[in-house]
Amino acid sequence: MRPALAAWLVLSLLGGTGAQGMCGDPPATPSHSVPAPQLSPEERLSPHMPESLRCDACHAIAFQIEEQLSKAEGKVGKKALRESDYIEVLERSCSQDWESYGVLELDGEKRLSGPGLPRQQPLSVMVSGGPWPSRLSKLCHGYVGERGEAQIYEAHRRGPAVLRQLLCHGDKGPCAGRKDRPDPPKALQNEL
């Protein structure tokens, strides 16, 4: 019996038939194909954030700064931080790894995606890592350098909308004059 069983097993493996052929294949499940965003050479290779994504990037940066400053204030009982403390928090905010952010394509438009940004369609592919973390870090440091730590902290103390206005929607902000990209909904502000 054993030689016959061994011969059947070898023939089944070589012939590609076996239990699946006898029992039938499992029912096919519908599959969906979602392509990854097609990135241009600038989006793939440039060390700078592409112009089309700077508004989204600014909202992500404002969200992270707000989160980090609020967390630091929570540790001191919601009191205002000392200058040295908020400078350290801002440095830490900009130097984080930013790995939870990436780019996806929605209706043919590339958008930055991650914490603090509006949710995208449920079936999408996000390209993260690569150049995106260093671009976000570089932009964050640039905003802190341009606006100054004291002005950013003062805006934070007045509320998330004031901070976003300062960084993103002012005269020179990357979202200035844009109405097609609304601020992230309040419900997402607490999500991390």
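Residues numbered from 1 in each chain as written. Predicted model: local features only at pLDDT ≥ 70, side-chain atom pairs only at ≥ 80, totals over all residues. Heavy atoms only, no water.

Asks: When you look at the state of the cysteines in this model, what are you seeing that I'm missing?
Replies: By definition, a disulfide is the covalent link that joins the sulfur atoms of two cysteine residues. One pass over the full model with this rule turns up three disulfides. Across a sulfur-sulfur distance of 2.1 Å, cysteine 58 and cysteine 168 are joined as a disulfide pair. Because the torsion about its S-S bond is -95 degrees, the bridge between cysteine 58 and cysteine 168 counts as left-handed. Taken together, the residues cysteine 58 in helix H4 (residues 54–75) and cysteine 168 in helix H8 (residues 160–169) connect sequence positions 110 residues apart. Classification of cysteine 58 by relative accessible area gives buried; the value is 0%. (Disulfide = S-S within 2.5 Å. Helix = DSSP H or I, 4+ residues; strand = E, 2+ residues; numbered from the N terminus. Buried < 20%, exposed > 50% of the residue type's maximum accessible area, 1.4 Å probe, protein only.)

Asks: Where do I start with the nonpolar core in this structure?
Replies: Looking at soluble globular proteins, one finds that nonpolar side chains tend to be buried together. Formed by 37 residues in total, the largest nonpolar core has its most connected members in Ile61, Ile65, Leu69, Leu136, Ile152 and Leu167. Of all the secondary structure elements, the ones that give two or more residues to this core are H4, helix H5 (83–95), helix H6 (132–147), helix H7 (149–158) and H8. The element contributing the most residues to this core is H4, with ten residues. Residues in contact with isoleucine 65, not counting those within four places in the same chain, are Leu90, Ser93, Cys140, Ile152, Leu163 and Leu167. (Core = buried A, V, L, I, M, F, W, Y, C linked by side-chain atoms within 4.5 Å. Contact = heavy atoms within 4.5 Å.)

Asks: Would you mind showing me how to read the pairing of strand S2 (residues 109–113) here?
Replies: Looking along a regular strand, one sees the side chains alternate between the two faces of the sheet. Counting buried residues in S2 gives four out of five residues, a clear majority hidden from the surface. Here five bridges tie strand S1 (residues 102–106) to S2, and the two strands are oriented antiparallel to one another. Looking at S2, one finds that glutamate 105 is bridged to lysine 110. Joining the antiparallel neighbours S1 and S2 is a turn of two residues, in which aspartate 107 adopts a positive phi near 55 degrees. (Pairing = 2+ DSSP bridges.)

Asks: Would you mind going over the packing of H4 against H5 with me for this structure?
Replies: Between two packed helices, the angle of one axis relative to the other and the distance separating the axes together describe the packing. Two numbers describe how H4 lies on H5: the axes approach to 9 Å, and their chain directions differ by 140 degrees. Between H4 and H5, the interaxial angle falls into the category oblique. Here the hand of the crossing between H4 and H5 comes out right-handed. Here H4 contributes Gln64, Ile65, Gln68, Leu69 and Ala72 to the contact with H5, which in turn contributes Tyr86, Val89, Leu90, Arg92 and Ser93. Looking at side-chain class alone, the contact of H4 with H5 contains six nonpolar, three polar and one charged residues. (Axes fitted to C-alpha atoms, helices over the stretch in contact; angles between N-to-C directions. Parallel < 35°, antiparallel > 145°, perpendicular 65-115°, else oblique. Left-handed = near helix turned anticlockwise from the far one by under 90°. Nonpolar A, V, L, I, M, F, W, Y, C, P; charged D, E, K, R; others polar.)

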